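Coordinate inspection notes
Each chain, written out:
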Amino acid sequence: MKRAIFPGSFDPITLGHYDIIKRGVTLFDEIIVAIGVNADKKYMFTLEERKAFIENTFADEPKVKVVTYEGLTVHFCQEIGVEFILRGLRNPADFEFEKAIAHTNRDLAPIETVFLLTAAKTSYIASSIVRDVIRNNGDYTKLVPDTVRIK
């Protein structure tokens, strides 16, 4: 069975993430959306909220699982027996950053990184932009799945 981890902070999940996951399930038997925990990072949404957003978004997709983890993604892959990391690329800067991580991961373990280009209609969306829109009372609903709603 081919399984891939799609790691990130997902603060919050965006339509760009959604697109990569939906396309990833056509390539892999299982996509594990892995929410990384970084104690040094300040999040807008709690870990529980972020996990619920993703679980609710993919409630009807049995090939998508949602987990949390700490530490290096490549170590988590080894721990759960996953050989692929799925990553989305929005622009050339993403590629350069992700390429360095992919090479490092491959040096640390036999983990292969698979890159998917984001759809043109979502290529501008980043979680940081969504958070800024939310903080400034803008209409964030066009940037995230319907399950992401601020109370």
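The name given to the chain in an unreviewed UniProt entry is Phosphopantetheine adenylyltransferase, with the source organism recorded as Algibacter lectus. Annotation of the chain in UniProt includes, under Pathway (unreviewed entry), the sentence "Cofactor biosynthesis; coenzyme A biosynthesis; CoA from (R)-pantothenate: step 4/5." Listed under Cofactor (unreviewed entry) in UniProt, the entry text for the chain is "Mg(2+)".

A closer look at unusual backbone geometry
Peptide bonds are, in most cases, trans, and in most cases residues other than glycine have a negative phi. That bond from D11 to P12 is cis: its omega, 0°, falls within 30 degrees of zero. Counting through the fold element by element, P12 comes out in the loop between β1 (3-8) and α1 (15-24). For F10, which is not a glycine, the phi torsion comes out positive at approximately 50°. Within the secondary structure, F10 is located in the loop between β1 and α1. On the basis of relative accessibility, which here comes to 2%, the residue F10 falls in the buried class.

The rules behind these values
- Residues numbered from 1 in each chain as written.
- Predicted model: local features only at pLDDT ≥ 70, side-chain atom pairs only at ≥ 80, totals over all residues.
- Heavy atoms only, no water.
- UniProt positions renumbered as here; feature names shortened; annotations may be inferred.
- Helix = DSSP H or I, 4+ residues; strand = E, 2+ residues; numbered from the N terminus.
- Buried < 20%, exposed > 50% of the residue type's maximum accessible area, 1.4 Å probe, protein only.

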